[in-house]
Structure formats: C-alpha cells, structure tokens
Amino acid sequence: MEQIALIATATFGLETLVKQELNALGFADLRVSEGKVEFDAGLADIPRTNLWLRCADRVLLKMGEFTAVTFDDLFEQTKALPWEDWIARDGRFTVNAKTHKSELKSARSCQSIVKKAVVERLSAAYGIDHFVETGPDFTIQVALHKDMAQLTIDTSGPGLHKRGYRAEAGEAPLKEPLAAALVTLSFWNKERLLIDPMCGSGTILIEAAMMAQNMAPGLNRTFASDEWPIIPAHYWQEARQTAATAVQPIPDLQLQGYDIDPAVIEIARSNAQKAGVADAITFAVKDVKDLWIDQQYGIVVSNPPYGIRLAEYQQINQIYMALNKIFRKKKGWSIYILTADDKFPRYFKRARPDRVRKLYNGTIKVNYYQYYGEKPP
Ligand SMILES: C[S@@+](CC[C@H](N)C(=O)[O-])C[C@H]1O[C@@H](n2cnc3c(N)ncnc32)[C@H](O)[C@@H]1O
C-alpha cells in the first residue's frame, strides 16, 4: 500500500492552522475545506500525524468518495471498496453516519446500509459469515454532503484532544487543540513572557510549554490504529522514538498562570505535572484585579468566564475593567482574549482589536480578540 489519503479534521476556524502544521511535517498539496484538510500520505504517516498534530481533532483514512442518491448507489459503491486491506478478520467495526443536504436523509439507514455492504465485502474476502470481533477497533464513518458520500476509517480513536494529561478539568476548560491554536495565533515564542491571568486548569500554558519544548502532543497516549495489523509495529515504535528524542527541555521558559480559585490552580499544577511541563510554568492564586505587571513586553492569552446571570455579569465587568486598567498604557503587551461576550472591546479601550477571529469553543460561537503590542527591541 504505497499511497493513501488522510484527512485531518478540525474545529471550524482552525483548518488553516492544521494546514500549517501539516506543511511543517513535510506534506504538500493540502486540500483545505470546511472542518478538514485532506492530503496524500504513506502508511508511516498515520503514526506521525496522530502523534504530532496539535490543532486537529482526528486523523481519518479516506477509503472512497462517490455520488450516492439511492441506497443502492451507497451499498454497491461501499461494497466495491477494499475494506479487507484494512479491517482485520477479527476486527471490531462500527459505522457512524451523518448526512447533510442530500437525497439520502436518514443517517440511520445510511449507517445500516454501509454496515451491511462492509460485512458482505469482508465475508466474501475472508470466506466467513460470522465475525468474532475480538480484535482491533475500526470506526467507519460515512458522511454525505450534497449527495457526495465520503467513507473513512478513524485512525485516532479517542479524539486528539485527549493528550493524556488532563485527568482533571477546571470549570469550562478549553479543548487542547483550541488552546494550542490560541497560542499559535498569538505569535508567542519561547523567548517571551506569556501570562494567562484566568488560567483555570492551565490548558493554554501547558500547550505553550509543550510547543516550546517540541513535545509531541500524542506522546503519552495510544491510538485506534496502534493495533491495526496493516501498520507494521516498527512504524509506531520509530515514530514514538523520534518524538521522544525530539523533546528539547528549556529551563527558563517564562510562563505564568493565575486564577482566583485555589482549587483550579491545584488542578492546573497537577495537569502540568502529568504533561511533564510542571517546571516550565509558574502557577499562583491571584485575582486579576491584583495582577501587577512590571515588564515592558509580554503576551496575554486568556479566556475569561462569560456569564449568564446578572451576578456573573458584574463579576465579568470587573475583570474587563481590571484588564483595561493594567494594560491600557502597556503598549509592549499583546493581548489575546477568547470570549463569547461581544461587549469585551467596549471595556478594553486601549485600541480597537487589530483582528477578531471567529472560532468555536465546543458548540459555542466565540471571538478571539487580538490586540497587537509593540515588539521588543
Ligand atoms: C473559562 S475559565 C478558563 C478555563 C481555562 N482556559 C482552562 O482551559 O481550563 C475562566 C477562569 O477564570 C477564573 N476567574 C474568574 N474570575 C476571576 C478573577 N477575578 N481573577 C482571576 N481568575 C478569575 C475562574 O476561576 C475560571 O477558572
């Protein structure tokens, strides 16, 4: 199996960052569309991309794509694909389906048609009519969009946000790929001071520490395709070995995280410990109102709480006013705030945001307000 097509899926708004990451990993001819980046790869790239992609949600193996307006179309063309090249004789396989703006409107029916087609294909290929399903996992996805069916197998298993360091979450933690994206978009680099004054479980700073030290985000976990017989075990071993030796510890990173809640600071510390970056970040309990900044240059990346109740509104207004007071005259500071609250720019009066990027935090529409500071000399 020389060439395969992989699809890195991403939350809406992060596709271009995933494209950049794939570029950096050496892939060319990247096809970007909403929520995904498709690219040609080799088998060894399944371990590599799963281990290294920070801003993506999953890596899918593309099996085929075709027009399907009837269930017969879907069945026959699914059955024509070489499922036995991938799915082991004892493989455990499930099918997920979604359909959007298509003649075939019932996701449930699409799911059972695809399952039936794959079963028939594998029965013929392996000469069996009973599947023990005791082996590795293969999650097939059929996605119909405007009558175009795309069939994939998920190589990742649990989403790539599961880095293995967050056994504990604070309130409303950011997903790791989004936190990595916020850091990337902030142009922070390892020589510069980065503060998250409302750090919660510490995700933004932990992702920054991992990025700075070239730690592959997937190094502490396994993936569904770890067990796939088609991928030689040494591909995985080599990819993990390369990732382990790529780590470059940096003793003097300037990463600081504060939060008003002592319990979440404990969680942040414990998460950083699990991620292997505890030495790189300083965490402390602090109300943002008491934050004292004496450095001329630095970067803030944070997502403040956004409230629904009146009491929360008042608390949030105070946070905004505190940020405004601290950073209004500090032109050497770049401020990056992720919030669903579009009142933020009214309170932060240093200037109009240089850029407002629309992103999604889970299912919530949010804005990433970006205020560029002067660069250090
Ligand atoms: C949306 S959460 C941040 C989540 C974080 N990014 C994470 O990934 O876990 C907002 C945080 O702001 C903190 N917070 C609320 N008011 C604060 C204040 N006045 N000063 C500092 N932190 C505050 C909360 O305790 C909460 O942890």
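Residues numbered from 1 in each chain as written. Predicted model: local features only at pLDDT ≥ 70, side-chain atom pairs only at ≥ 80, totals over all residues.

A. Region of interest: the overall build of the protein chain. Of the regular secondary structure elements, the protein chain holds 10 helices and 14 strands. For 377 residues, the compact-globule formula gives about 21 Å, and the C-alpha radius of gyration of the protein chain, at 23 Å, lands near that figure. Expressed as lengths along the three principal axes of its C-alpha atoms, the size of the protein chain is roughly 70 × 45 × 40 Å. Burial status across the protein chain gives 41% buried among its 377 residues. A sequence separation of at least 24 residues applies to 76% of the contacts in the protein chain between residues at least 6 apart. (Helix = DSSP H or I, 4+ residues; strand = E, 2+ residues; numbered from the N terminus. Rg over C-alpha atoms; globule rule 2.2 N^0.38 Å. Buried ≥ 20, exposed ≤ 12 C-beta atoms within 10 Å, placed from the backbone. Contact = placed C-beta atoms within 7 Å.)

B. Representation of helix H2 (residues 45-52). Within H2, 8 of the 8 residues are buried, leaving the element largely enclosed by the surrounding structure. Listing the buried residues of H2 in full gives Asp45, Ile46, Pro47, Arg48, Thr49, Asn50, Leu51 and Trp52. Those residues of H2 that are buried are in contact with strand S1 (4-9), strand S3 (36-41), strand S4 (58-67) and helix H7 (233-246).

C. Up close: the environment of Ile140. Mapped onto the elements of the fold, Ile140 is located in strand S6 (residues 137-145). Ignoring sequence-local partners within four residues, the contact set of Ile140 consists of Phe93, Val95, Val114, Val118, Leu151 and Ile153.

D. Representation of the sheet that holds strand S2 (residues 31-33) in the model. What the 7 strands build is an open sheet, ordered S2-S3-S1-S4-S7-S6-S5; its pairing is mixed. Looking at which strands have only one partner, the edges of the open sheet turn out to be S2 and strand S5 (92-100). The mean angle between the axes of side-by-side strands here comes to 30 degrees, regardless of whether they run parallel or antiparallel. Pairing of S5 with S6, which is carried by 9 bridges, proceeds in the parallel orientation. Paired with Thr94 across the two strands is Thr139, which belongs to S6. Most of the contacts of helix H4 (residues 107-126) go to S5, to which it runs at about 140 degrees, and overall it touches S5 and S6. (Pairing = 2+ DSSP bridges. Axes fitted to C-alpha atoms, helices over the stretch in contact; angles between N-to-C directions.)

E. Spotlight on the domain arrangement of the protein chain. Here the protein chain is described as being made up of domain 1 (4-154) and domain 2 (176-217 + 246-371). Facing 11 residues of domain 1, the contacting portion of domain 2 comprises 12 residues. Of the residues belonging to the side of domain 1 that touches domain 2, the class tally is 7 nonpolar, 2 polar and 2 charged. (Domains from an automatic or database assignment. Nonpolar A, V, L, I, M, F, W, Y, C, P; charged D, E, K, R; others polar.)

F. Spatial organisation of the pairing of strand S7 (residues 148-154). Burial analysis of S7 places 5 of its 7 residues in the buried class, the great majority of the element. With 7 bridges joining them, S4 and S7 adopt antiparallel strand pairing. Bridge pairing in S7 places Leu60 opposite Asp154. The sheet contact formed by S6 and S7 spans 7 bridges and is antiparallel. Counterpart to Ile140 in the pairing with S7 is Ile153.

G. Region of the structure containing unusual backbone geometry. Despite not being glycine, Phe187 has its phi angle at roughly 60 degrees, a positive value. Tracing the backbone through its elements, the reader meets Phe187 in the loop between helix H5 (176-185) and strand S8 (194-196).

H. Inspection of the packing of H2 against H7 at higher detail. The interhelical angle for the contact between H2 and H7, taken along N-to-C directions, is 35 degrees, at an axis separation of 8 Å. Crossing hand, H2 versus H7: right-handed. Residues Pro47, Arg48 and Leu51 of H2 touch H7, and the partners they reach there are Tyr235, Trp236, Ala239, Arg240 and Ala243. Its residues assigned to classes, the contact of H2 with H7 comprises 6 nonpolar, no polar and 2 charged. (Left-handed = near helix turned anticlockwise from the far one by under 90°.)

I. View of the nonpolar core. Counting 103 residues, the largest nonpolar core has Ala8, Val18, Val114, Val142, Leu182 and Ala209 as its most contacted members. Viewed by domain, this core spans two of them, domain 1 (4-154) and domain 2 (176-217 + 246-371), each represented by three or more residues. Excluding its chain neighbours within four sequence positions, the residues that come into contact with Val142 are Val95, Ala97, Cys110, Gln111, Val114, Ala149 and Leu151. (Core = buried A, V, L, I, M, F, W, Y, C linked by C-beta atoms within 7 Å.)

J. Broad picture of the packing of helix H3 (residues 71-79) against H4. Relative orientation of the contacting elements H3 and H4 amounts to 35 degrees, with a least axis distance of 8 Å. The way H3 lies across H4 gives a crossing that is right-handed. Contacts between H3 and H4 involve Phe71, Leu74, Phe75, Thr78 and Lys79 from the first element and Ser109, Cys110, Ile113, Val114, Lys116, Ala117, Val118, Glu120 and Arg121 from the second. By residue class, the composition of the contact of H3 with H4 is 8 nonpolar, 2 polar and 4 charged.

K. Quick look at the sheet that holds strand S10 (residues 281-285). As summarised here, the arrangement of the 7 strands in space is S10-S9-S8-S11-S12-S14-S13, forming an open sheet in which the pairing is mixed. Either end of the sheet is taken by a strand with one partner, and the two such strands are S10 and strand S13 (355-361). Looking at each pair of strands side by side, their axes are set apart by 20 degrees on average, direction ignored. H5 contacts strand S11 (298-302), strand S12 (333-339), S13 and strand S14 (364-371) of the sheet and is inclined by roughly 170 degrees relative to S13.

L. The arrangement of the site of the ligand in detail. Close to the ligand lie 22 residues; Pro173, Met198, Gly200, Ser201 and Thr203 are nearest. Here the shell around the ligand is built from residues that sort into 13 nonpolar, 5 polar and 4 charged. (Near = placed C-beta within 6 Å.)

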